[in-house]
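The primary structure of each chain is shown beneath.
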Amino acid sequence: MVAVTARACANIALVKYWGKRDALLNLPAAGSLSLTLAALITETTVELDESLPTDEISLDGELAPASSAAARRVVAVLDLVRARAGAHTRARVRSRNEFPTATGLASSASGFAALALAASRAAGLALSARELSILARRGSGSAARSVHGGFVRMRAGAASEDAYAEPIESPLLPQVRMVIAIVGGGAPKQHGSRDAMDHTAATSPLYRAWLDLVPRDLAAAEHALAAGDLAALGAVAEANALAMHASALAARPAVIYWQPATLAVHARVRGLRECGLSAWATMDAGPHVKVLTTATDAPTIAMQLRDLDGVTAVAISAPGPAAAVVAPEAPAAERP
Ligand code: PMV
């Protein structure tokens, strides 16, 4: 039996991925750009066991029924690994999120990045970072970015082999933080990102405008990262998230993630900015708000958001590292 454990951090997009051009290959319709977060970690162990008749998947301590959507997505990634390794052995997968309590945050990015790394190593494959990113993408589009630490760019690519993520260097990295404001107690989300982005692409009159916007926002964000201009990066991130949600709001029927407290957090962030703090809001397929800020301003922002009605938890995160194997330990000579 071979067991490998890997850890990966979730990431929050500053220029969002919202829409696919190929559902089977999970190819994004456009690029995206994100920050990997140290506070949101998934640890996944993949154990290959000749005696297993089928894959056995446990998520946060609960066995996922083979027919569940979550189990099927995991098995699909395991099948890709087996096909590549020319193997047939079934796997026992145990995945656990170490997220701040009751956040209700999506864990598919960290989950599929950790799975891709643990499963490929368990099967004896030594994939490059690019190959790993492509494999993680098949599980979840945002997982392609969680293979890397810090700021990350996802290429839309022309084909499956060039739709992968890569790290971007920036002088901003040491100083940035994300304040995560959980809205609504972490209740399960109403519209999963997968279905909601497909529905937006199929029915929203604003989807075309969204796709036209993304390359411009990516260029502006990359320019801001290179120049070390946090205010410019924050302005793009906030406007891009609002544009993504505008396209979703205009879908028919509408995809609405906003709750009253979501709007209250946005208003407070704007107010804090007017008082001279570094604070820009972004949100994903749920009511929570993540605030891009600095190490200096993060504690004040966290305190200001904790007070708001409907905000049930607040956490501060520093940038996180790339996905890594934690067991079996690498021989001393291979450690960074
Ligand atoms: O990776 P998915 O399929 O869960 O989609 C992620 C979608 C957003 O979180 C809303 C945006 C993003 O780029 O992470």
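We now turn to the structure provided with this report.

What counts, and at which threshold
Residue indices begin from 1 for each chain and proceed along its sequence in written order. In keeping with the predicted nature of the model, local features appear solely for residues at pLDDT of at least 70, side-chain atom pairs appear and are counted solely at 80 or more, and the whole-chain, interface and lining totals rest on all residues. To obtain the side-chain values, all non-hydrogen atoms of the structure were used and water was disregarded. A run of DSSP states H or I qualifies as a helix once it reaches four residues; a run of E qualifies as a strand once it reaches two. Both are numbered from the N-terminal end. Note on classification: 1.4 Å probe, protein chains only; a residue is buried when its accessible area is under 20% of the maximum for its type, exposed when over 50%, partly exposed between these limits. We call two residues contacting when some pair of their heavy atoms lies within 4.5 Å. Computed by Shrake-Rupley with a 1.4 Å probe, the accessible areas treat only the displayed protein chains as cover when residues are assessed. For the purpose of charge, His is not counted, nor are the chain termini; Lys and Arg are scored as positive and Asp and Glu as negative. A single reference atom marks each charge: NZ on Lys, CZ on Arg, CG on Asp, CD on Glu. The rule for a salt bridge is simple: a side-chain nitrogen of Lys or Arg has to be within 4 Å of a carboxyl oxygen of Asp or Glu. By this rule, a helix spans an expected 1.5 Å times one less than how many residues it contains. Counted as a polar contact is a pair of N or O atoms within 3.5 Å, where, for protein atoms, one must be capable of donating a hydrogen and the other of accepting one, and residues adjacent in sequence contribute only when both atoms are in side chains.

### Looking at the overall build of the chain
Argument step 1. Within the chain, the secondary structure is distributed over 9 helices and 14 strands.
Argument step 2. Each principal axis of the C-alpha atoms in the chain carries an extent, and together these give about 60 × 45 × 35 Å.
Argument step 3. Among the 336 residues that make up the chain, the fraction classed as buried is 51%.
Argument step 4. In the chain, the share of contacts with a sequence separation of at least 24, taken over all contacts with a separation of at least 6, comes to 76%.
Argument step 5. Carbon and sulfur atoms provide 56% of the accessible area of the chain, an area that totals close to 14,300 Å².
Argument step 6. Within the chain, one finds 31 positive and 30 negative side-chain charges whose respective centroids are separated by 3 Å.

### Observations concerning the pattern of salt bridges
Argument step 1. Summed over the entire model, instances satisfying the criterion amount to 17 salt bridges.
Argument step 2. Here R7 makes a salt bridge to E43, at a shortest N to O gap of 2.6 Å. With R7 in strand β1 (residues 2–15) and E43 in strand β4 (residues 32–48), this pair connects stretches of sequence that are 36 residues apart.
Argument step 3. A residue is classified by how much of its surface remains accessible, and R7, at 25% relative accessible area, is partly exposed.
Argument step 4. With a relative accessible area of 26%, E43 lands in the partly exposed category.
Argument step 5. For R92, the salt bridge identified is with E47, shortest N-O distance 3.2 Å. Taken together, the residues R92 in strand β7 (residues 91–98) and E47 in strand β4 connect sequence positions 45 residues apart.
Argument step 6. When its relative accessible area of 14% is taken as the criterion, E47 is described as buried.

### Side note on helix α7 (residues 230–249)
Argument step 1. Under the 1.5 Å per step criterion, the end-to-end length of α7 is 28 Å for 20 residues, consistent within 8% with the ideal 28 Å.
Argument step 2. Buried residues of α7: L230, L233, G234, V236, A237, E238, N240, A241, M244, H245, S247 and A248, and no others.
Argument step 3. For α7, the N-terminal capping position is held by D229, with its side-chain oxygen 3.3 Å away from the main-chain nitrogen of A231.

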